[in-house]
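The chain contents come next:
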Amino acid sequence: MSEKLTGGEALVAALRAHGTETVFGIPGTHNLPVYAALSRYGVRNVTPRHEQGAGFAADGWARASGRPGVCLTTTGPALLNAATAAAQAYSDSVPVLFLSPGLPLRHPGRGNGYLHEVKDQRGALEAVVAYSHRVTAVEEIPVAVARAFAAMTTGRPRPVHLEIPLDLLDEQAAVTLAEPVTVPPLAPAATKVRAAARILDDAVRPVVVAGGGSNGAARELRALAERLGAPVVTTANGKGVLPDDHPLAVGAGLHHRAVHDLVTDSDAVLAVGTELAPSDLWFGPLDIPGPLIRIDADAEAVTANALPDVALVADAALGLGTLLKHLTGPGSVALGAERAARARAHHREQARAEGAAHLGLTRALATALGREGVLAGDSTMACYYGALSNLPAHTPRSFLYPTGLGTLGYGLPAAIGAKLARPDVPVIALHGDGGLMFTVQELAAAAQLKLPLPVVVVDNGGYGEIRDEMTARGDTVHAVDLPAVDFPLAARAMGCHGVRADDESQLVHALGAALAADRPTLIHFPEPAAG
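Residues numbered from 1 in each chain as written. Predicted model: local features only at pLDDT ≥ 70, side-chain atom pairs only at ≥ 80, totals over all residues. Heavy atoms only, no water.

Caption draft 1: Region of interest: the overall build of the chain. Along the backbone of the chain there are 21 helices and 20 strands. Against the compact-globule benchmark of 24 Å for 531 residues, the chain has a radius of gyration of 24 Å, which places it among compact chains. Referenced to the eigenvectors of the C-alpha coordinate spread, the extents of the chain come out at roughly 65 × 60 × 45 Å. For the chain, the share of sequence-separated contacts (at least 6 apart) that also reach a separation of at least 24 residues comes to 75%. Within the structure as shown, the chain displays about 20600 Å² of accessible surface, and the carbon and sulfur contribution to it stands at 54%. (Helix = DSSP H or I, 4+ residues; strand = E, 2+ residues; numbered from the N terminus. Rg over C-alpha atoms; globule rule 2.2 N^0.38 Å. Contact = heavy atoms within 4.5 Å. Areas by Shrake-Rupley, 256 points an atom, 1.4 Å probe, with all protein chains shown as cover.)

Caption draft 2: Molecular detail of the packing of helix α10 (residues 257–264) against helix α13 (residues 333–354). The contact between α10 and α13 brings their axes to 8 Å, and the two run at 155 degrees. Considering the angle they form, α10 stands roughly antiparallel to α13. In contact with Arg 257, Ala 258, Val 259 and Leu 262 of α10, α13 contributes Arg 339, Ala 343, His 346, His 347 and Gln 350. The residue inventory of the contact of α10 with α13, partitioned by class, reads 4 nonpolar, 3 polar and 2 charged. (Axes fitted to C-alpha atoms, helices over the stretch in contact; angles between N-to-C directions. Parallel < 35°, antiparallel > 145°, perpendicular 65-115°, else oblique. Nonpolar A, V, L, I, M, F, W, Y, C, P; charged D, E, K, R; others polar.)

Caption draft 3: Highlighting the pattern of salt bridges. Counted by the stated rule, this structure contains 19 salt bridges. For Asp 59, the salt bridge identified is with Arg 63, shortest N-O distance 2.6 Å. Here the residue Asp 59 and the residue Arg 63 both occupy positions in helix α3 (residues 51–65), the gap between them amounting to 4 residues, near one helical turn. Across the pair Arg 122 and Glu 126 runs a salt bridge, and its minimum N-O distance is 3.1 Å. With Arg 122 and Glu 126 both in helix α5 (residues 121–126) and 4 residues apart, the pair spans about one turn of that helix. Among the charged side chains, a salt-bridge network with shared partners connects Asp 59, Arg 63 and Asp 92. (Salt bridge = Lys/Arg side-chain N within 4 Å of Asp/Glu carboxyl O.)

Caption draft 4: Region of the structure containing the side chain of Glu 220. Examined against the element boundaries, Glu 220 turns out to sit in helix α9 (residues 218–228). Excluding anything up to four places from it in sequence, Glu 220 contacts Ala 317, Leu 320 and Gly 321.

Caption draft 5: Spotlight on the packing of aromatic side chains. Applying the stated criterion across every chain, the model contains 7 aromatic pairs. Seen in terms of ring centroids, Trp 282 and Tyr 385 are 6.0 Å apart; in terms of plane orientation they differ by 75 degrees. Their pairing is edge-to-face. Linking Trp 282 in the loop between α11 (278–281) and β13 (292–296) with Tyr 385 in helix α15 (residues 381–390), this pair joins segments that are 103 residues apart in sequence. Ring geometry for Tyr 384 against Tyr 385: centres 4.8 Å apart, planes inclined by 80 degrees, an arrangement best described as edge-to-face. The class for Tyr 384 is buried, based on a relative accessible area of 12%. Aromatic rings pair up to connect Trp 282, Phe 283, Tyr 384 and Tyr 385 into one cluster. (Phe/Tyr/Trp six-rings, centres within 6.5 Å; stacked < 30°, edge-to-face > 60°. Buried < 20%, exposed > 50% of the residue type's maximum accessible area, 1.4 Å probe, protein only.)

Caption draft 6: How the structure looks around the environment of Pro 27. Looking at the element boundaries, Pro 27 is found in the loop between β2 (22–25) and α2 (32–38). Classification of Pro 27 as partly exposed rests on a relative accessible area of 42%. Distance from Pro 27 to Thr 47, taken between C-alpha atoms, is 8.3 Å for residues 20 residues apart in sequence. If sequence neighbours within four positions are ignored, Pro 27 has contacts with Leu 32 and Tyr 35.

Caption draft 7: Quick look at the sheet that holds strand β19 (residues 497–500). As summarised here, the arrangement of the 6 strands in space is β16-β15-β17-β18-β20-β19, forming an open sheet in which the pairing is parallel. Either end of the sheet is taken by a strand with one partner, and the two such strands are β16 (399–400) and β19. As paired elements, strand β17 (residues 427–432) and strand β18 (residues 454–459) share 4 bridges and run parallel to each other. Within β18, the residue paired with Ala 429 across the bridge is Val 455. (Pairing = 2+ DSSP bridges.)

Caption draft 8: Seen up close, helix α1 (residues 7–17). The buried count for α1 comes to 9 of 11 residues, which makes it a mostly enclosed element. Inspection of α1 places Gly 7, Gly 8, Glu 9, Ala 10, Leu 11, Val 12, Ala 13, Ala 14 and Leu 15 among the buried residues, and these make up the whole buried set.

Caption draft 9: Quick peek at the nonpolar core. Grouped together as the largest cluster of nonpolar side chains are 47 residues, with contacts concentrated most on Phe 24, Val 96, Leu 443 and Leu 453. If sequence neighbours within four positions are ignored, Val 96 has contacts with Ala 58, Asp 59, Ala 62, Gly 69, Cys 71, Ala 89, Met 152, Arg 158, Pro 159 and Val 160. (Core = buried A, V, L, I, M, F, W, Y, C linked by side-chain atoms within 4.5 Å.)

Caption draft 10: The environment of Leu 292, seen in detail. Along the polypeptide, Leu 292 turns up in strand β13. Placed 130 residues apart in sequence, Leu 292 and Leu 162 show a C-alpha to C-alpha distance of 39 Å.

Caption draft 11: Focus on helix α8 (residues 190–202). Compared with the 18 Å implied by 1.5 Å per residue over 13 residues, the 19 Å span of α8 between its first and last C-alpha is a close match. Along α8, the positions that sit buried rather than exposed are Val 193, Ala 195, Ala 196, Ala 197, Ile 199 and Leu 200. At its buried positions, α8 is contacted by α9, β12 (268–272), β13, β14 (310–313) and α12 (316–326). (Expected span 1.5 Å × (residues − 1).)

Caption draft 12: Structural detail: the environment of Ala 337. By the secondary structure assignment, Ala 337 is in helix α13. Take Ala 337: its relative accessible area is 23%, and that puts it in the partly exposed class. Expressed as a C-alpha distance, the spacing of Ala 337 and Tyr 41, which sit 296 residues apart in the sequence, is 53 Å. Not counting residues up to four positions away in its chain, the partners in contact with Ala 337 are Pro 247 and Leu 248.

Right, here's the structure in full:
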């Protein structure tokens, strides 16, 4: 049934029809008709202090919940501010819908200096998302939204951008809302399943590599690993898909020598929902001497970085479940657990050596997070050397980290989105002192929301990773040492609590208090010396 709506109303009604309850964005001159409709349809707007923060918050919402996040900006600079977050979501396969007005339908083709005018706004976003679409009629808006959600929830999730000419937002038309498109999970080809099952039945020493694409298949992955007796290693985005205290769990972080040795010692490798990407492997590709089986919803990614002997283009849960039904060999849980224990011991030894400066931090974080908590980490040494491989994880979607693009400033706004998506679990943001300054203003947004959110800032006096790389190259170290900032004072100025913790015991106490507080708490934690 059609209803006469403005373009702004049509957009919000379509979002609500697809289950959207929260959007992250900042009002601007050109998107006011959208904001006028939000409360009418029961959609909450969360106002960050910068559009990049809005995009990261929508990303954190999506990662933590498994549902698409929504970022709403105005034209020009606002949308371009969010472009880094869009690129990060694309890099890590996160479903985020970016919405913006565009210049009017009848705007001069070569431009005339309209407010917020960008030469090719849609083209700029097209370069960093799955696709960017400009609608041309109010009646098209619900269809465009339905197609965007279908794209984001089918196969490999990616961000999408919709641009709505600003003159359409106040224009009225008879609109029919489109029902959400339900797409069955992608099933694997039967011949490929049988071929993969034969390889795994014959394997004596199989191993499973689980990426972010396996987050929705934790039950099936565990069942298959137990059936095979296969140790499981995970990427950063797959961390927690198998509980770290499971006998077959080796740990997260594919870059460790222990993982390379385990794979080299295996006579079959099953890679699920991972590109086997350089951003996970760090020091070069895995040496895979035996057959490689890959399961991925993306027909292109299934051949990325390593050609498989058998490729199952399928939803991870359905692919694993189908494969499990075709296995006939006995497997050896005892042998698998023994191999996993050896690899786990080596993995932990290497992880502890790599993250020696951060072991007290990770122990404190583990105490505060428990088994259900969520850590939103920034691209910081405390995260990729410390938390990635040393912090235990027991559930999927509990470690949010900007792996592929490696953006700075991700942690705090992503934690805001995660906490709003999962209000009943502990959520902690982890930053370095340099990276926090990219989105430090989002402390004010978190304070306005009154979130009991600890924000741990590990301070090494600047850009520590780049400082070390300059030193390793023999270069003159410069432009990386930053003057000290009174972070607790800055946090208090924005309505948060702000404290300092100088050792592990103080950090444990501060985290416990922060999780029970009436607002966010920034915890300034100077990086201790390794050892």
